Amino acid sequence: RSERIWLVIGGASLVVFFAIILIMALVWGFHNPGQMKTIAPDAVRTTPPFDKPGLYQVGPNEYRAVMIAQMFMYQPNQVTVPAGATVHFEVTSPDVVHGFEIPGTNVNLMVVPGHITEYTATFRTKMDRVIVCNEYCGSGHQVMLGRFVVQ
Ligand code: CUA
């Protein structure tokens, strides 16, 4: 009889144990969605949203900039937003590590193949800047440039 009690206690604690693990996994997932954002480098060009790189309006003066950094260019090559715009950058690479820097702003990202780099910034002042690759990525590294315009 006491054996059955221990069996029940053992079984119940196992259920509680797995419930705790499940809850922790869910909580971790909800609080760290960025850590789960990976993408196979081979699949970058066929996986949404990177199958259609570009600038998308998602709210009043709020944009999503879906961009690919590759040897040796950015796609899209130019991003133009109105003054005051908030831009959510989502950048990935199909080949090697690249940089994504807009000089004079807080945007200075490392773009690693297999990962989606995300960054949000608000641009209050007008500017016309070059997007610079600041990670050495091969023979065309120096000419890997984009353009970022706030007008
Ligand atoms: Cu891309 Cu240096």
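Residues numbered from 1 in each chain as written. Predicted model: local features only at pLDDT ≥ 70, side-chain atom pairs only at ≥ 80, totals over all residues. Heavy atoms only, no water.

### Considering the domain arrangement of the protein
Bring the parts together and some accessible area is lost; that lost area is often taken as the interface size.
Next up, step 1: Partitioning the protein into domains gives domain 1 (2-36) and domain 2 (41-150).
Next up, step 2: Distance from the C-alpha centre of domain 1 to the C-alpha centre of domain 2: 41 Å. (Domains from an automatic or database assignment.)

### Remarks on the side chain of His-141
Next up, step 1: Of note, His-141 is situated in the loop between strand E9 (127-132) and strand E10 (145-150).
Next up, step 2: Using a relative accessible area of 15% as the deciding quantity, one classes His-141 as buried.
Next up, step 3: If sequence neighbours within four positions are ignored, His-141 has contacts with Phe-72, Cys-133, Asn-134, Glu-135 and Tyr-136. (Helix = DSSP H or I, 4+ residues; strand = E, 2+ residues; numbered from the N terminus. Buried < 20%, exposed > 50% of the residue type's maximum accessible area, 1.4 Å probe, protein only. Contact = heavy atoms within 4.5 Å.)

### Here we look at the side chain of Thr-92
Next up, step 1: Turning to its location among the elements, Thr-92 is positioned in strand E5 (residues 85-92).
Next up, step 2: Within polar-contact distance, the side chain of Thr-92 engages the backbone oxygen of His-115 at 2.7 Å. (Polar contact = N/O pair within 3.5 Å; in protein donor to acceptor, adjacent residues only side chain to side chain.)

### Things to note about the environment of Trp-6
Next up, step 1: Checked against the element boundaries, Trp-6 lands in helix H1 (residues 2-31).
Next up, step 2: Using a relative accessible area of 60% as the deciding quantity, one classes Trp-6 as exposed.
Next up, step 3: As for Trp-6 and Phe-89, which are separated by 83 residues in sequence, their C-alpha atoms are 56 Å apart.

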